Every structure is written in C-alpha cells, then in structure tokens.
Amino acid sequence: MRLISLLLIALGTAAQADSVNVYSSRGESLIRPLFDQFTEQTGIDVKVLSADPGALLSRLRLEGSATPADVILTSDAGNLAAAKDANVLQAVDSDILESAIESSLQDKDNQWFGVSMRGRVVVAANRVDPSEDPASIMDLADDKYEGRICVRSSSNVYNQSMLAGIIINHGEQAAETWAQGIVKNFARIPEGNDRAQINAVAEGKCDFAMINTYYLGIMLSDPAQAPNAREVRVVFTDQASTGNHANVSGIAMTKHAKNKVAAQKLMEFMVSESAQTWYADDNHEYPITANAKTSALVKSWTPDDVKFDKAAVANLGAYNAASVKIFDRVGWP
Ligand code: FE
C-alpha cells in the first residue's frame, strides 16, 4: 500500500515535470510551432498564456507564489529589468546560456537572458537625398529636420529604452536637449505604432521615422504592406561611435517556478540553432548566438559590418524612470 502511494507520488511528480508554463508577450499562434519542436525533442509539454508585457508583469505580481508561470518570454530590456525589479524572477545558472549569449545581452545577476536582438533605427524616405541622412541619432534634433520626423508615443517602452541609451552614452542633460529637439521637429503629434510611422514616411507625411527593423521585415513579407515598406531605406546611426541603438527580447525563470528543470531546458532551447533560426527567419530579428545566421531579408538592409550598441543593453532598464521623466518634461506625448 505504502509502496503504491509512493509510486503514485513519483508518477505525479514526473507528470508535472513534463510540462512548463510560459507567460509570453508573443502571440501563441506565432510561437507555437517553435514550442512544438521543443516538445518533440524533449517530451516536455509547453502551455502558453499570451498578453502584452505590462499585463504579464502585473499578473505575475498579483499571483505571487501561486503563479502557474515557470518562464516569462518578453520583449525589451526595459520590460525585463522591470520584472527583475519587481522581484518576480530568479537567477538561472546555466553554462549553455552563459556561453551562448554575450554578457552585455544578459542580466549580470542571471535573472534574464536575451534571446534575440533588434535594432531601433532611423528610416528615411527614398525620395530624400541620402546626404540628408543623420550620422548620429543625436543629429535628428537639428533644425534641418524641423517638421520632418514621425515617431510613436513616449508611453512605448521602445522609445523609453532608446532614450535610456542616449542617457547612458551622452548624459541626462544632453538626452533632454535631444528629446526637446525631436519634439520641435515632429511632423505630427505621435500616433500609431512603428508600422504606422513607416506608412507615414511612405505617404509623405514625414521624411524620417524611428522604428524597430523587424517591422520592416513583417511589412515586406506581406503583399498588402510591402509597397509602403519599399518606399523607405534603413539608416544605421552612430556607426563611428557607440553603434546603433540595440535591444533584445528575452527569457527568464519566474521566482516561484514549479517546473524548474523543464523551465531551464526551455530557456536553453531558445539559444539552440532551431530557435535562433526561427527568430531570424520568422521574426526578422537578429539572432543572438555567434553561429546563427541573419535572414537574407534582414541582410538586405543590414551591412555586414554594422555596429550595434550592445554595451548599453543590459543597463537600459536602469534609466527607464529617468527617460520617462524627460519625456514628460519636454512634452513628448
Ligand atoms: Fe514590437
């Protein structure tokens, strides 16, 4: 009798260890094929709850130790740092993650790990002469860009992290002066997402915009959106100094993960060749591991010797609050 109940307990534990629960800011339909590969390789089932990054973090906070989430998969170093600050993550010591991901693209306390890299770039309308392209992101604050710039709202973490990068590289005062200059150069009050900015440039509402490059990949892959995407060119700035602003999407283990072994296996799977190829080919992002290949489409706008500001990435979250205050002070809605 006792043996049987021990066996049942053992089976129960084994069954539990065969699944992992993920809170994901990527839509389930998008990421399901990748998780199915993981299940095929390991026998571990993946359950996904999808929501935007802010909602995922609030949920983790509210659920506390009762959370079913083992792993969180989210975008932007700002969001990853916010989760760490909210004390809902735990450190993971993994030789696989440590050796696959360069140190500037992971948390110094191993509480989160970048799994893909993205560039936030300037796009210019093809009708604009390339001699007008900014060499530095800082140049966009110059008078010659007055009334010519489209960019989304400052409530978006992409802009908050971009400004955080400017604070890191140039200091808070210069960052505020820059943000003031951008507001002065707005072609319109910020509206819409990154794709809306690309459309606005294509439609002649502005000459320059700031966007994450994978949105170009999404648009170019969709016959309905491709014509507008073909009207712009990518400008990588700050190539002679810090490199173009870079950011990551990343993965972390929750503080109260119940399936820790399976969770770590899933995290390690995200730097495998198949997962990195998925980020490159299906998401139009930059793979993060040294041996993974950037997709042909992404390569079409990315020079081989492009320089990204990887050094700032792990510190972006630390300047999020400062950048939000600057946006408020300069009236960037
Ligand atoms: Fe995005």
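Quantities reported herein were computed from a predicted structural model and do not represent experimental measurements.

So, on to the overall build of the protein. Across its full length, the protein holds 14 helices and eleven strands. Its C-alpha atoms give the protein a radius of gyration of 21 Å, near enough to 20 Å, the size a compact globule of 333 residues would have. The C-alpha extent of the protein, read off along each of the three principal axes, is 85 × 40 × 30 Å. Here the protein, with 333 residues, has 54% of them falling under the buried criterion.

What follows concerns the packing of aromatic side chains. For any pair of aromatic rings, geometry is given as the distance between the ring centres together with the angle between the planes. The tally for this structure, following the rule as stated, stands at nine aromatic pairs. Where W278 meets Y279, the ring centres are 4.9 Å apart and the plane angle is 70°; that geometry is what we call edge-to-face. Residue W278 is classed as buried on the basis of its relative accessible area, which comes to 6%. Put simply, the rings of W178, F186, F327 and W332 touch in pairs and so form one group of aromatic residues.

On to the coordination of the iron ion. The iron ion binds to the protein through Y158 (OH), Y214 (OH) and Y215 (OH); the donor distances cover 1.9 to 2.1 Å. The sequence pattern describing where the donors of the iron ion fall on their chain is Y-x55-Y-Y. Residue Y158 is found in helix α6 (residues 157–170), and its partner Y214 is found in helix α9 (residues 214–220); the two are separated by 56 residues along the sequence. With relative accessibility at 10%, the residue Y158 sits in the buried group.

It is worth spelling out the environment of V48 at this point. Mapped onto the elements, V48 comes out in strand β2 (residues 45–50). Put simply, V48 and V22 are 26 residues apart on the chain and 4.8 Å apart in space, counted from C-alpha to C-alpha. Ignoring sequence-local partners within four residues, the contact set of V48 consists of V22, S24, E28, R32 and F35.

Chemically, a disulfide is nothing more than a covalent bond linking the sulfur atoms of two cysteines. Per the stated rule, a full pass over the model turns up one disulfide. A sulfur-sulfur separation of 2.0 Å characterises the disulfide bridge that pairs C150 with C206. Taking the torsion about the S-S bond as the criterion, the C150 to C206 disulfide, at about -100°, is left-handed. With C150 in strand β6 (residues 149–150) and C206 in the loop between α8 (194–202) and β7 (208–212), this pair connects stretches of sequence that are 56 residues apart. The same class applies to C150 and to C206, which are both buried.

Rules of the game
Residues numbered from 1 in each chain as written. Predicted model: local features only at pLDDT ≥ 70, side-chain atom pairs only at ≥ 80, totals over all residues. Heavy atoms only, no water. Helix = DSSP H or I, 4+ residues; strand = E, 2+ residues; numbered from the N terminus. Rg over C-alpha atoms; globule rule 2.2 N^0.38 Å. Buried < 20%, exposed > 50% of the residue type's maximum accessible area, 1.4 Å probe, protein only. Phe/Tyr/Trp six-rings, centres within 6.5 Å; stacked < 30°, edge-to-face > 60°. Donors = N, O, S within 2.8 Å, 3.2 Å for Na, K, Ca; no water. Contact = heavy atoms within 4.5 Å. Disulfide = S-S within 2.5 Å.

Coordinates in, geometry out; function isn't part of it.
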